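# Remarks on the overall topology
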Amino acid sequence: MFFESWSELLDMGGYGFYVWLSYGLSLLAIVVLIVQSLAGKSAVLKSIKREQQREARLQQMKQKGDTL
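Rules of the game
- Residues numbered from 1 in each chain as written.
- Predicted model: local features only at pLDDT ≥ 70, side-chain atom pairs only at ≥ 80, totals over all residues.
- Heavy atoms only, no water.
- UniProt positions renumbered as here; feature names shortened; annotations may be inferred.
- Helix = DSSP H or I, 4+ residues; strand = E, 2+ residues; numbered from the N terminus.
- Rg over C-alpha atoms; globule rule 2.2 N^0.38 Å.
- Areas by Shrake-Rupley, 256 points an atom, 1.4 Å probe, with all protein chains shown as cover.
- Phe/Tyr/Trp six-rings, centres within 6.5 Å; stacked < 30°, edge-to-face > 60°.
- Buried < 20%, exposed > 50% of the residue type's maximum accessible area, 1.4 Å probe, protein only.
- Salt bridge = Lys/Arg side-chain N within 4 Å of Asp/Glu carboxyl O.

In the nomenclature of an unreviewed UniProt entry, the chain corresponds to Heme exporter protein D from the organism Aggregatibacter segnis ATCC 33393. For the record of the chain, the UniProt heading Function (unreviewed entry) holds the text "Required for the export of heme to the periplasm for the biogenesis of c-type cytochromes." According to the UniProt record, the Sequence similarities (unreviewed entry) comment for the chain is "Belongs to the CcmD/CycX/HelD family."

See the structure below:
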């Protein structure tokens with residue numbers, strides 16, 4: 001599609017509001033999904049780290065019990 005001016009590009013033959021609204025909502029959805037994925041990844045990594053620390057403490061307690 002060829003537009004002769006920026007205003008024609010923004011107007012898009014009278015459908016500009018709907019076109020740009022759909023682009024905006026799509027971009028918003030993608031950003032929300034990225035943020036949600038990063039937050040979920042962070043939560044999973046924290047959970048894994050906490051579980052590894054718990055396992056290490058249990059292993060240390062088991063070793064102390066064996067040496068006594």
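Now that the structure has been shown, we can carry on.
Before going further, it helps to examine the overall build of the chain. When you go through the chain residue by residue, the secondary structure sums to 2 helices and 0 strands. For the chain, the C-alpha radius of gyration of 27 Å lies well beyond 11 Å, the compact-globule estimate for 68 residues. When its C-alpha atoms are laid out on the principal axes, the chain stretches across 85 × 15 × 15 Å. Just so you have it, the chain exposes about 6,500 Å², and 65% of that area is on carbon and sulfur atoms.

Bringing the UniProt feature "transmembrane region" (unreviewed entry) in the chain into the picture now. As annotated in UniProt, the feature "transmembrane region" (unreviewed entry) corresponds to residues 20-40 in the numbering used here. Measuring from the first to the last C-alpha atom of residues 20-40 gives 30 Å, for a span that is 100% helix and 0% strand.

In this section: the packing of aromatic side chains. Evaluated as defined, the whole model comprises 2 aromatic pairs. Ring geometry for Phe17 against Tyr18: centres 5.4 Å apart, planes inclined by 80°, an arrangement best described as edge-to-face. Note on Tyr18: relative accessible area 56%, which makes it exposed. Between Trp20 and Tyr23, the aromatic rings sit 5.5 Å apart at their centres with planes inclined by 40°, giving tilted as the arrangement. Residue Trp20 and its partner Tyr23 are located together in helix α2 (residues 16-67), separated by 3 residues, close to a single helical turn.

Turning our attention to the pattern of salt bridges. Should their charged atoms come close, side chains of opposite charge can pair. For the structure shown, the criterion picks out 2 salt bridges. Arg54 is the salt-bridge partner of Glu51, the closest N and O atoms lying 3.6 Å from each other. Highlighted residues: Glu51 and Arg54, both in helix α2, separated by 3 residues, approximately one helical turn. Put simply, Arg54 and Glu55 hold a salt bridge, and the shortest N to O gap is 3.7 Å. Owing to a relative accessible area of 43%, Glu55 belongs among the partly exposed residues under this scheme. Through salt bridges with shared partners, a single ionic network connects Glu51, Arg54 and Glu55.

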